[in-house]
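Inside the fold
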Amino acid sequence: QVQLVESGGGLVQAGGSLRLSCAPSGSIGSINRMGWYRQAPGKQRVLVASIFTSSGSTNYADSVKVRFTISRDSAKNTVYLQMNDLKPEDTAVYYCYLDKTTGLRYWGQGTQVTVSS
């Protein structure tokens, strides 16, 4: 069973930076898109950013545009989320996801990001 392995979460002060990374634990076949959702306590899971692995086309939530950058290393099937100028409202569990070209979606286990004021 292939899993998505995330890393890079942690505790940071407001204005700081973190970089998340995510990759499948094994061979997974053709990938269409990868990205990140986040879920704050008591709130729904929302899309943060996504990237089509072939074209590199990206999409961002309005709340993170300019501050966050999603990128991918296609050779490693790895996606990164560079988060700059972090704010307390960015505190959440961040979940990586991967969409195969078949439409099947995989989720990571989640990584905690905590931004202190």
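Before going into details, it helps to say that this report is about the structure given with it.

About the cut-offs
Residues take numbers from 1 onward in each chain, read along the sequence in its written order. Only residues with pLDDT of at least 70 get local features here, since the model is predicted, and only at 80 or more are side-chain atom pairs given and counted; chain-wide, interface and lining totals rely on the full set of residues. Only hydrogens and water are set aside; all other atoms, that is, all heavy atoms of the structure, feed into the side-chain values. Put simply, a salt bridge is a Lys or Arg side-chain nitrogen that is within 4 Å of an Asp or Glu carboxyl oxygen. Numbered from the N terminus, helices here are DSSP runs of H or I no shorter than four residues, and strands are runs of E no shorter than two. For two strands to pair, DSSP has to find at least two bridges joining them. Between N-to-C directions, angles cover 0 to 180 degrees, with each direction set by a line fitted to C-alpha atoms, over the stretch in contact for helices. Under the scheme applied here, a residue whose accessible area is under 20% of the maximum for its type counts as buried, over 50% as exposed, and between as partly exposed, the area being computed with a 1.4 Å probe on protein chains only.

**Focus on the pattern of salt bridges**
Applying the stated criterion to the full structure yields six salt bridges. Of the charged contacts, one joins Arg-33 and Asp-99 as a salt bridge, the two residues approaching to 3.1 Å between their closest N and O atoms. One end of the pair, Arg-33, is in strand S4 (residues 31-39); the other, Asp-99, is in strand S9 (residues 92-100), and 66 residues separate them in sequence. Between Asp-62 and Lys-65 there is a salt bridge, with the nearest N and O atoms lying 3.2 Å from each other.

**What to know about the sheet that holds strand S8 (residues 78-83)**
Pairing in this open sheet of four strands is antiparallel, and the strands run S1-S3-S8-S7 from one edge to the other. Two strands in the sheet have a free side with no partner beyond their single neighbour: strand S1 (4-7) and strand S7 (68-73). On average, adjacent strands in this sheet sit at an angle of 15° to one another, irrespective of strand direction. One ladder, built from six bridges, connects S7 with S8; its direction is antiparallel.

**Remarks on the side chain of Thr-111**
Inspection of the secondary structure puts Thr-111 in strand S11 (residues 111-116). Classification of Thr-111 as buried rests on a relative accessible area of 13%.

**With respect to the environment of Trp-107**
On the secondary structure map, Trp-107 appears in strand S10 (residues 105-107). Distance in space between the C-alpha atoms of Trp-107 and Gln-3 is 7.6 Å, their sequence separation being 104 residues.

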